[in-house]
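So the chains spell out like this:
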Amino acid sequence: MADPVSSLATRPGVAQCLDLYAKLASGVCVVTTRGPAGPPVCATVSSAAAVSASPPLMSLCLANASRTLAALRHHGAFALHVLDERHRPWAERCADPLATAAERFGEDQAAYVHDVPVRTDALAWSVCAVTDIRAYGDHHLVVGEVLAAHTGTGRPLLWYDRGFHGQGGAAFHG
């Protein structure tokens with residue numbers, strides 16, 4: 001059996017880092033904003049976090065080439081939706097790189113809060129004004145000040161080991 005400590009002598013490659021990141025369990029979120037032409041755009045993220053309670057700040061990461069990142073820069077505000085188990089199909093659509101913006105958001109109706117599209121049936125949501133965007137590697141870190149927030153009830157949708165999971169770790173197979 002190989003000594004796991006001996007592997008610390010060399011810097012990990014992309015594949016090893018992705019294997020490591022796959023073990024970081026996280027809640028599944030969808031970020032939405034208005035697209036440049038007006039209709040909503042969205043992306044699924046598993047890298048959202050609370051930054052500060054005073055002032056209220058949230059963060060998320062989006063890939064450098066993300067259409068949602070480009071729209072978010074243009075609009076200056078976004079909604080971050082914490083999803084529950086019922087929203088797995090929406091999370092999958094918003095994560096599909098081949099789906100158009102209209103296909104990603106689907107026929108789901110959105111309310112507009114501070115001129116940002118919001119799915120009000122999410123487990124929780126916040127609308128944020130962009131305060132900072134910085135590039136880090138192949139992603140951008142986006143920080144936003146919370147302008148509005150709502151929490152509901154339900155069972156969170158989780159992302160772990162490259163798949164969606166329900167409460168208690170039950171994997172969804174699709």
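Refer to the preceding data block for the structure.
Rules behind the numbers
- Residues numbered from 1 in each chain as written.
- Predicted model: local features only at pLDDT ≥ 70, side-chain atom pairs only at ≥ 80, totals over all residues.
- Heavy atoms only, no water.
- 1 Å grid on protein atoms, 1.4 Å probe; cavity = no way out; pocket = protein on both sides within 12 Å on 5 of 7 lines; lining within 4 Å.
- Points joined across faces, edges and corners; volume = space filled by probe spheres on them.
- Helix = DSSP H or I, 4+ residues; strand = E, 2+ residues; numbered from the N terminus.
- Nonpolar A, V, L, I, M, F, W, Y, C, P; charged D, E, K, R; others polar.
- Buried < 20%, exposed > 50% of the residue type's maximum accessible area, 1.4 Å probe, protein only.
- Pairing = 2+ DSSP bridges.
- Polar contact = N/O pair within 3.5 Å; in protein donor to acceptor, adjacent residues only side chain to side chain.
- Contact = heavy atoms within 4.5 Å.
- Axes fitted to C-alpha atoms, helices over the stretch in contact; angles between N-to-C directions.

Details of the layout of surface pockets
By volume, the largest pocket is sized at about 1200 Å³. As for the largest pocket, its lining consists of 31 residues, of which Leu18, Tyr21, Ser46, Ser47 and His139 are closest to the centre. Secondary-structure elements contributing two or more residues to the lining of the largest pocket are helix H1 (14-22), strand E3 (40-45), strand E5 (56-63) and helix H3 (88-95). For the lining of the largest pocket, the leading source of residues is H1, giving 5 residues. A per-class count over the lining of the largest pocket returns 19 nonpolar, 8 polar and 4 charged.

Topic: the pairing of strand E6 (residues 77-82)
In the case of a regular strand, side chains alternate between the two sheet surfaces. Most of E6 sits out of view: 5 of its 6 residues are buried. Here 4 bridges tie strand E2 (residues 29-34) to E6, and the two strands are oriented antiparallel to one another. Its bridge partner being in E6, Thr32 is matched across the sheet by Ala79. As defined by bridge partners, E6 adjoins strand E9 (residues 124-136) across 6 bridges and the pair is classed as antiparallel. By the bridge assignment for E9, Ala77 is matched with Ala129.

Quick notes on the side chain of His81
If you trace the backbone, His81 turns up in strand E6. Residue His81 is classed as buried on the basis of its relative accessible area, which comes to 0%. Of note is the side chain of His81, whose polar atom sits 2.9 Å from the backbone nitrogen of Arg119. The residues touching His81, leaving out its near neighbours within four places in the chain, are Val28, Cys29, Val30, Thr32, Trp90, Pro117, Val118, Arg119, Ala122, Ala124 and Trp125.

With respect to the environment of Ser47
Inspection of the secondary structure puts Ser47 in the loop between E3 and strand E4 (49-53). The exposure class of Ser47 is partly exposed, given its relative accessible area of 33%. Distance in space between the C-alpha atoms of Ser47 and Leu141 is 9.4 Å, their sequence separation being 94 residues. Not counting chain neighbours up to four residues away, the residues in contact with Ser47 comprise Ser59, Leu60 and Cys61.

A short note on the sheet that holds E3
The sheet built from 7 strands is open, its strands ordered E3-E2-E6-E9-E10-E5-E4 with antiparallel pairing. Unpaired on one side and paired on the other, E3 and E4 mark the two borders of the sheet. Averaged over all neighbouring strand pairs, the angle between strand axes comes to 35°, with direction disregarded. In this structure, E4 lies alongside E5, joined through 4 bridges in antiparallel fashion. In the strand pairing of E5, Ala53 is matched with Pro56. Running over the sheet, helix H2 (residues 67-75) touches E2, E3, E5, E6, E9 and strand E10 (139-151) and is turned about 50° from E2. H3 rests against E2, E3 and E6 of the sheet, and its axis sits at about 100° to E3.

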